[in-house]
Amino acid sequence: QKNGFAQYSFFPELFRNIMINKLRSPTPVQKKAIPLVQEGKDVVVCYKTGSGKTLSYVLPIINKLQSHSQINGARALILIPTRDLADQITKVLKSFLHKIDLRYTLILGGHTYEGQFESLSINPDIIIATPGRLMQLLTETDLKLSRVQTIVFD
C-alpha cells in the first residue's frame, strides 16, 4: 500500500524520515492542513491533543526550507506559550531532521540567557521560542526576523 504521505511530494530525505518514524497515513487534521500550509496560506487549526497538529506545520516547514541557508537569519519561527510545549515540539522537529541539513535553536525562559544567545551563532533556519525570551533577545541583541517566511503560533 502506498504511503498516504506520498501525496504531499515531500523531498526524498523528509519522506524517508516519515517512513523511519513509522507514519503510515496522515491524520484527519494533517489531511486538511498540510496542503494549505504547503500552498502558503494562513491556516488556523483547532483540534484535540494528540491529533497530529504539530506535524501539520513541521513537515511543510522542513519541506519548504530543505537545507541550511548560509545567509544570516532564521526562515521559520515557531512561537510556543510554554517551555514544556517548546521541548515537545523540538523533539518532534528533531525526529524528522535525520540527515537533513537544517539548523534550529530553542529560545525560552528558564535556561541560561548566554547559552541561548550563543545558540543564535549557528545561524538557525528555525527558531522555536517562548514569547518573553524572544522579546528579550530582540530587545537586547541584534537578532532580526526579517528573513522569516513562516510563523507558527502554537
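Peer 1: So what's going on with the sheet that holds strand β3 (residues 126-129)? Residues and values would help.
Peer 2: Strand order in the open sheet formed by 4 strands is β2-β3-β1-β4, and the pairing between neighbours is parallel. In the strand order of this sheet, the two ends are held by β2 (104-107) and β4 (150-153), each with one partner. Going from strand to strand, the sheet's axes swing by 15° on average, the running direction of each strand aside.

Peer 1: Go over helix α4 (residues 83-95), please, and point to the residues and values.
Peer 2: Between its first and last C-alpha, α4 extends 18 Å over 13 residues, near the 18 Å set by a 1.5 Å rise per residue. When α4 is considered as a whole, its buried residues turn out to be A86, I89, T90 and L93. What you see down the axis of α4 is that its buried residues fit within an arc of 105°, all on one side. Exposed positions of α4 whose direction lies more than 90 degrees from the buried face are D84 and K91. As for α4, its buried residues are in contact with α3 (53-65), β1 (76-79), β2 and β3.

Peer 1: Help me get a handle on the side chain of H68, residues and values and all.
Peer 2: Along the chain, the position of H68 falls in the loop between α3 and β1. Residue classification places H68 among the buried positions, given a relative accessible area of 10%. Within the structure, the side chain of H68 is placed 2.8 Å from the side chain of D125, a separation counted as a polar contact. Not counting the four nearest positions on each side in its chain, H68 is found in contact with R75, D101, L102, R103, I122, N123 and D125.

Peer 1: For the pattern of salt bridges, give the residues involved together with the corresponding values.
Peer 2: Inspection of the entire model under this criterion finds 2 salt bridges. The shortest N-O distance in the salt bridge between E39 and K41 comes to 3.3 Å. On the basis of relative accessible area, E39 is assigned to the exposed category, the value being 52%. Of the charged contacts, one joins D125 and R75 as a salt bridge, the two residues approaching to 3.0 Å between their closest N and O atoms.

Peer 1: Help me get a handle on the confidence of the model for the chain, residues and values and all.
Peer 2: Here the chain averages 91 in pLDDT, while 97% of its residues score no lower than 70. For the chain, per-element mean pLDDT is lowest for helix α5 (residues 113-119), which scores 76, and highest for β1, which scores 97.

Peer 1: Quick one: what's the story with a nonpolar patch on the surface, residue by residue and with numbers?
Peer 2: There is a patch of nonpolar side chains on the surface, built from L36, V43, V45 and Y47 and spanning about 280 Å² of accessible area. Within the secondary structure layout, L36 lies in helix α2 (residues 28-38). Residue classification places L36 among the partly exposed positions, given a relative accessible area of 34%.

Cut-off values and rules
Residues numbered from 1 in each chain as written. Predicted model: local features only at pLDDT ≥ 70, side-chain atom pairs only at ≥ 80, totals over all residues. Heavy atoms only, no water. Pairing = 2+ DSSP bridges. Helix = DSSP H or I, 4+ residues; strand = E, 2+ residues; numbered from the N terminus. Axes fitted to C-alpha atoms, helices over the stretch in contact; angles between N-to-C directions. Expected span 1.5 Å × (residues − 1). Buried < 20%, exposed > 50% of the residue type's maximum accessible area, 1.4 Å probe, protein only. Arc of directions from axis to C-beta. Contact = heavy atoms within 4.5 Å. Polar contact = N/O pair within 3.5 Å; in protein donor to acceptor, adjacent residues only side chain to side chain. Salt bridge = Lys/Arg side-chain N within 4 Å of Asp/Glu carboxyl O. pLDDT = per-residue confidence, 0-100. Patch = residues over 30% accessible without salt bridge, like charges linked within 9 Å, V, L, I, M, F, W, Y side chains within 5 Å. Areas by Shrake-Rupley, 256 points an atom, 1.4 Å probe, with all protein chains shown as cover.

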